[in-house]
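# What the coordinates show
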Amino acid sequence: QVQFVESGGGLVQPGGSLKLACEARPSITNIGLINWYRQYSNQAREMIAGITSGGTTNLDPRLNGRFTISRDNAKNTVSLQMNNLKPTDTAVYYCRGVFEKQWTSWGQGTQVIVSS
């Protein structure tokens with residue numbers, strides 16, 4: 001059983017940056033695709049970024065290059081670097097991955113609030 005734990009959220013001013021971390025426990029080994037999602041209040045989660053085990057990335061074009069995703073297998077972590085944050089980025093951010101051909105369960109997420 002593999003679980004993901006999200007961290008790194010917080011309160012940031014518009015234009016600021018945050019780096020979110022998604023840690024696979026006990027290990028990222030044998031995890032294929034890993035996606036980041038965000039969920040606005042009372043809305044469904046939407047996928048915004050993904051990275052394969054080989055490092056191929058996929059980002060929502062609506063982010064206009066503000067976010068980047070990276071993977072560090074030695075640290076069992078996938079990171080989401082978020083720059084030039086906007087109030088519309090305020091949401092709860094989640095990650096999950098594919099383990100043995102199935103998606104892992106949802107974690108608790110990490111809250112990002114962009115506000116002055």
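What counts as what
Residues numbered from 1 in each chain as written. Predicted model: local features only at pLDDT ≥ 70, side-chain atom pairs only at ≥ 80, totals over all residues. Heavy atoms only, no water. Helix = DSSP H or I, 4+ residues; strand = E, 2+ residues; numbered from the N terminus. Core = buried A, V, L, I, M, F, W, Y, C linked by side-chain atoms within 4.5 Å. Buried < 20%, exposed > 50% of the residue type's maximum accessible area, 1.4 Å probe, protein only. Contact = heavy atoms within 4.5 Å. Disulfide = S-S within 2.5 Å.

### Overview of unusual backbone geometry
- Backbone torsion omega between Arg-25 and Pro-26 reads 5 degrees, so that peptide bond is classified as cis.
- Note that Pro-26 resides in the loop between strand E3 (18–25) and strand E4 (31–39).
- Positive phi outside glycine occurs at Asn-84, with the angle close to 50 degrees.
- Counting through the fold element by element, Asn-84 comes out in the loop between strand E8 (77–82) and strand E9 (91–99).
- Unusually for a residue other than glycine, Glu-100 sits at a positive phi of about 55 degrees.
- By the secondary structure assignment, Glu-100 is in the loop between E9 and strand E10 (102–103).

### Remarks on the nonpolar core
- Within the largest apolar cluster, 26 residues are counted, with the highest numbers of intra-cluster contacts made by Trp-36, Leu-80, Met-82 and Tyr-93.
- Ranked by residues supplied to this core, first place goes to E3 with 4 residues.
- Setting aside its immediate chain neighbours within four residues, Met-82 contacts Gly-16, Ser-17, Leu-18, Leu-20, Arg-66, Phe-67, Tyr-93 and Val-112.

### With respect to the state of the cysteines
- Considering all chains together, one arrives at 1 disulfide under this definition.
- With its sulfur 2.1 Å from that of its partner, Cys-22 forms a disulfide with Cys-95. Looking along the S-S bond of the Cys-22-Cys-95 disulfide, the torsion reads about 90 degrees, which is the right-handed sense. Of this pair, Cys-22 sits in strand E3 while Cys-95 is found in strand E9, placing the two residues 73 residues apart along the sequence.

### Considerations on the environment of Ala-21
- Along the chain, Ala-21 turns up in strand E3.
- Take Ala-21: its relative accessible area is 22%, and that puts it in the partly exposed class.
- Sequence separation of Ala-21 and Arg-71 is 50 residues, and the distance between their C-alpha atoms is 9.7 Å.
- Ignoring sequence-local partners within four residues, the contact set of Ala-21 consists of Val-5, Glu-6, Ser-7, Trp-36, Thr-77 and Val-78.

Without other data, these values stay purely geometric and don't point to any function.
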